[in-house]
Amino acid sequence: MHFEILRNEVSSTSRALFLWCLGVLAAASLYLGLYGSIAGLVSGPNSMVSQMPEALTKTVGFDAIVTGAGYAQSTLYGLLGFVLITIASISWGSSAVAGAEENGRLELTLAHSVSRSGYYLNMLLALLIRTAAMAVTAGLATWAWNVPGDLNIDLENIAPMVLTYWLLGLSAGATSLSVGAMTGSRKAATGAGAALAVTGYVLNALGHQNPDWEWMHRFSPYHWAFGNSPLTHGLDGAGVLHLALLVGAVTVLGLLFFRRRDLT
């Protein structure tokens, strides 16, 4: 496999990756640095959270912010951090094959003795590396703010949180990469990744509304990642497995279609 494609893809987007990581770092500083000063407002029988409707607090994850770990997961990883890594991942995934095909770069690359499988897997590895960089940035920021922000997070739980956060973001990008490879349409690729992310979030939210709807959690990648609160309880093997299988399934499906599709 020609890793020159991987090196070129990562290097050509290094500036964008730096800015995305900077955005994650800024989000972490914004949220995690505030916890020490607002802890009294979000915990206790007379707290702001206790005055909110239970269904609303469960939907947005505010029922967990009474602890530092729950606060970090609900605000950083579950809200703005989730949005940032999802948008970045979808953007990279949709441009990897479909974007390159639409601007003519794909045909030129494949003409230089590069197999379709090799190109596809290089693009996947580039996506893995860039989303991992964003996830690690979030983890390092959580570690750095743990003491100054009075979060009192068990440091051993940061790695499981980073892993699930990375796989969740990766799942949206891998879906965009796969659909782009299957269709050659960047719009379809972007829509598919966005649909997965939004549907997962909505299913998780609806599953919190009514005990009769909890079955929806079984189909929500968002719930697979955060349902067991990895920053509080550590690694959720089942959730990680579901996310890994999702990434693997869409990757294989996209590769199979890409190898057989007429690119002319």
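Scope of this entry: the structure provided in the associated data block. (Residues numbered from 1 in each chain as written. Predicted model: local features only at pLDDT ≥ 70, side-chain atom pairs only at ≥ 80, totals over all residues. Heavy atoms only, no water.)

**So, the overall build of the protein**
Condition: We count a stretch as a helix when DSSP gives it H or I for four or more residues in a row; a strand needs E for two or more, and each element gets its number in order from the N terminus. Burial classification: accessible surface area is computed with a 1.4 Å probe over protein chains only, and a residue below 20% of its type maximum counts as buried, one above 50% as exposed, and the rest as partly exposed. The Shrake-Rupley method, run with a 1.4 Å probe sphere, supplies the accessible areas, and residue values consider only the shown protein chains as cover.
Across its full length, the protein holds 12 helices and zero strands. For the protein, the sequential pattern of α-helices and β-strands runs α-α-α-α-α-α-α-α-α-α-α-α. Evaluated residue by residue, the protein yields a buried proportion of 48% over its 264 residues. Here the protein displays about 12,300 Å² of accessible surface, and carbon together with sulfur accounts for 66% of that area.

**So, unusual backbone geometry**
For S113, which is not a glycine, the phi torsion comes out positive at approximately 55°. Considering the arrangement of structural elements, one finds S113 in the loop between α6 (105-110) and α7 (116-145). Backbone geometry at N152 places phi at a positive 55°, although glycine is not the residue there.

**Describing the packing of aromatic side chains**
Worth spelling out the cut-off: The criterion for an aromatic pair is that two Phe, Tyr or Trp rings (for Trp, the six-membered ring) have centres within 6.5 Å, with stacked assigned to planes under 30 degrees apart, edge-to-face to planes over 60 apart and tilted to the rest. For a lysine, the NZ atom is tested; for an arginine, the CZ atom; a charge sits over a ring if that atom is within 6 Å of the ring centre and within 35 degrees of the ring normal.
Per the counting criterion, the structure on display carries eight aromatic pairs. Judged by centre distance (5.2 Å) and plane angle (85°), the ring pair of Y77 and Y165 falls under edge-to-face. Within this pair, whereas Y77 is found in helix α5 (residues 68-102), its partner Y165 is found in helix α8 (residues 158-183), the two being separated by 88 residues in sequence. A residue is classified by how much of its surface remains accessible, and Y77, at 0% relative accessible area, is buried. Exposure remark for Y165: the relative accessible area of 1% places this residue in the buried category. Relative to F258, the ring of Y120 has its centre 6.1 Å away and its plane inclined at 35°; by these criteria the two rings are tilted. Separated by 138 residues along the polypeptide, Y120 in helix α7 and F258 in helix α12 (residues 237-260) bring together distant segments of the chain. With a relative accessible area of 0%, F258 lands in the buried category. Put simply, the rings of F82, Y201, Y222 and F226 pair up and form one aromatic cluster. The ring of F258 has R116 sitting right over it, with the charged end atom 5.8 Å from the ring centre.

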